[in-house]
Amino acid sequence: MIGLSGIEKAFGPKKVLRGVDLSVARGESLVIIGGSGTGKSVLLKCILGLVRPDAGRITFDGADVTGRRSDAFLAQFGMLFQGAALFDSMPVWQNVAFRLLRGPGRRPHAEAREIAVEKLRRVGLGPEVADLFPAELSGGMQKRVGLARAIAAEPRVIFFDEPTTGLDPIMAGVINDLIRDLVTEMGATAITITHDMSSVRAIADRVAMLHDGKLRWEGSVAQMDSTDDPYVAQFIHGRAEGPIAAIR
Ligand SMILES: Nc1ncnc2c1ncn2[C@@H]1O[C@H](COP(=O)(O)OP(=O)(O)OP(=O)(O)O)[C@@H](O)[C@H]1O
């Protein structure tokens, strides 16, 4: 469904992506791991067209989309940002219904609110939360609202950027399970960036590791656990010693 071939991106002299080849099948949940600053976020931004690659090709449903993104293209994506990134000045339901209230797929106000309340229910939040403001919610609740927003327009592809950062392990587990269930239920394709190995295990059909601007390794969670690739092993066991330099 999504294909990347030979993606390169440099910022000034710094070569961040050095030829990334990666494909994601429809309905698959891919998790991208890798050390800080290896270009995971830059890679997602390339797919969304927020960053233009210096070289390489991006395809979506077989069509070449490198360098051009229409509103209709972007409407197929949902995104859960790091830190939920809610608009503080809007009540929760308007945050969830953000895309339903504007743009090409605009819905009437009452209908958008109804959809927002339904999506909030889906992530375990009651209708009483709809009229609260983000500042009145805990971090875990804010993540759920971000998740409800990501699925509100029923996207075909959802990106999760470090979905459990800042949450306690129990809430992280709840969010991981919700992501897994939502993706399965919607039949959506998911790409997740995370440092959290519990997320990898809960969410991934397939794991890809970025290192030094390239796709270093890919495989299933079971293959990840038994691989003798020293980079993957260092990462999953969180060792300071190993081929990945700990000073960044
Ligand atoms: N717009 C930009 N201009 C200049 N440099 C950038 C820009 N965007 C990203 N970079 C650089 O590209 C590198 C990769 O950044 P990126 O955010 O993709 O890393 P990451 O793998 O997502 O890291 P983390 O896990 O810490 O979030 C970093 O060194 C960053 O400073």
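Conventions used here
Residues numbered from 1 in each chain as written. Predicted model: local features only at pLDDT ≥ 70, side-chain atom pairs only at ≥ 80, totals over all residues. Helix = DSSP H or I, 4+ residues; strand = E, 2+ residues; numbered from the N terminus. Rg over C-alpha atoms; globule rule 2.2 N^0.38 Å. Buried ≥ 20, exposed ≤ 12 C-beta atoms within 10 Å, placed from the backbone. Contact = placed C-beta atoms within 7 Å. Pairing = 2+ DSSP bridges. Near = placed C-beta within 6 Å. Nonpolar A, V, L, I, M, F, W, Y, C, P; charged D, E, K, R; others polar. Domains from an automatic or database assignment. Axes fitted to C-alpha atoms, helices over the stretch in contact; angles between N-to-C directions. Expected span 1.5 Å × (residues − 1). Arc of directions from axis to C-beta.

- As recorded in an unreviewed UniProt entry, the protein goes by the name Phospholipid/cholesterol/gamma-HCH transport system ATP-binding protein, listed as coming from Phaeovulum vinaykumarii.

1. Observations concerning the overall build of the protein
Moving on, step 1. The secondary structure content of the protein amounts to nine helices and ten strands.
Moving on, step 2. Rg of the C-alpha trace for the protein: 18 Å, near the compact-globule value of 18 Å for 248 residues, within the 12% margin.
Moving on, step 3. Burial analysis of the protein (248 residues in total) assigns 37% to the buried set.
Moving on, step 4. The long-range fraction of contacts in the protein, counting pairs at least 24 apart against all pairs at least 6 apart in sequence, stands at 64%.

2. A look at the pairing of strand 7 (residues 157-161)
When a strand is regular, its side chains alternate between the sheet's two faces.
Moving on, step 1. Pairing of strand 6 (residues 77-80) with strand 7, which is carried by four bridges, proceeds in the parallel orientation. Along strand 7, the bridge assignment pairs Leu-80 with Phe-160.
Moving on, step 2. Here five bridges tie strand 7 to strand 8 (residues 189-193), and the two strands are oriented parallel to one another. The partner of Phe-159 across the bridge, within strand 8, is Ile-191.

3. Here we look at the site of the ligand
Moving on, step 1. Taken together, Phe-11, Val-16, Gly-34, Ser-36, Gly-37, Thr-38, Gly-39, Lys-40, Ser-41 and Val-42 are the residues near the ligand.
Moving on, step 2. With three residues, the top contributor of residues to the shell around the ligand is helix 1 (residues 40-48).
Moving on, step 3. In the shell around the ligand, the residues fall into three nonpolar, six polar and one charged.

4. A look at the pairing of strand 10 (residues 214-219)
Moving on, step 1. In this sheet, strand 10 lies alongside strand 9 (residues 206-211) in antiparallel orientation, the contact comprising five bridges. The residue bridging Met-209 from the neighbouring strand is Trp-217, located in strand 10.
Moving on, step 2. Two successive antiparallel strands, strand 9 and strand 10, enclose a turn made up of two residues, where Asp-212 displays a positive phi of approximately 55°.

5. Some details on the environment of Gly-173
Moving on, step 1. Take Gly-173: it is sitting in helix 6 (residues 169-186).
Moving on, step 2. A count of 15 C-beta atoms within 10 Å places Gly-173 in the partly exposed class.
Moving on, step 3. Linking Gly-173 and Ser-198, residues 25 residues apart in sequence, is a C-alpha distance of 7.6 Å.

6. A few points about the domain arrangement of the protein
Moving on, step 1. For the protein, the assigned domains read domain 1 (1-76 + 161-248) and domain 2 (87-154).
Moving on, step 2. On a C-alpha basis, the centres of domain 1 and domain 2 stand 26 Å from each other.
Moving on, step 3. Counting residues at the interface gives eleven residues for domain 1 and eleven residues for domain 2.
Moving on, step 4. Taken together, the elements giving at least two residues each to the side of domain 1 that touches domain 2 come down to helix 2 (71-74) and helix 6.

7. Focus: the sheet that holds strand 5 (residues 63-64)
Moving on, step 1. Read from one edge to the other, the open sheet built from four strands follows the order 2-1-4-5, with strand pairing classed as antiparallel. Two strands close off the open sheet at either side, each with one partner strand: strand 2 (14-24) and strand 5.
Moving on, step 2. Note that strand 1 (residues 2-11) and strand 2 share eight bridges and pair antiparallel. Across the sheet, the residue bridging to Phe-11 is Lys-14, located in strand 2.

8. A short note on unusual backbone geometry
Moving on, step 1. Of note, Asp-61 is a non-glycine position whose phi angle comes to about 50°, a positive value.
Moving on, step 2. Among the secondary structure elements, Asp-61 is positioned in the loop between strand 4 (55-60) and strand 5.
Moving on, step 3. The residue Glu-162 is not glycine, and still its phi comes out positive at about 45°.
Moving on, step 4. Relative to the helices and strands, Glu-162 is located in the loop between strand 7 and helix 6.

9. Side note on the sheet that holds strand 10
Moving on, step 1. Strand order in the open sheet formed by six strands is 6-7-8-3-9-10, and the pairing between neighbours is mixed. Each of the sheet's edge strands pairs with one partner strand only, and the pair in question is strand 6 and strand 10. Going from strand to strand, the sheet's axes swing by 20° on average, the running direction of each strand aside.
Moving on, step 2. Sitting on the sheet, helix 9 (residues 230-237) is in contact with strand 3 (29-33), strand 9 and strand 10, with an inclination near 105° to strand 9.

10. Let's talk about helix 4 (residues 109-122)
Moving on, step 1. For helix 4, built from 14 residues, the straight-helix expectation of 20 Å at 1.5 Å per residue is met to within 8% by its first-to-last C-alpha distance of 20 Å.
Moving on, step 2. Within helix 4, burial applies to Ala-112, Arg-113, Ala-116, Val-117, Lys-119 and Leu-120. For helix 4, the angular spread of the buried residues around the axis is 165°, confining them to a single face. Summarising the geometry of helix 4, the exposed residues directed more than 90 degrees from the buried face are Ala-110 and Glu-111.
Moving on, step 3. In the core, the buried residues of helix 4 are packed alongside helix 3 (92-96) and helix 5 (139-152).

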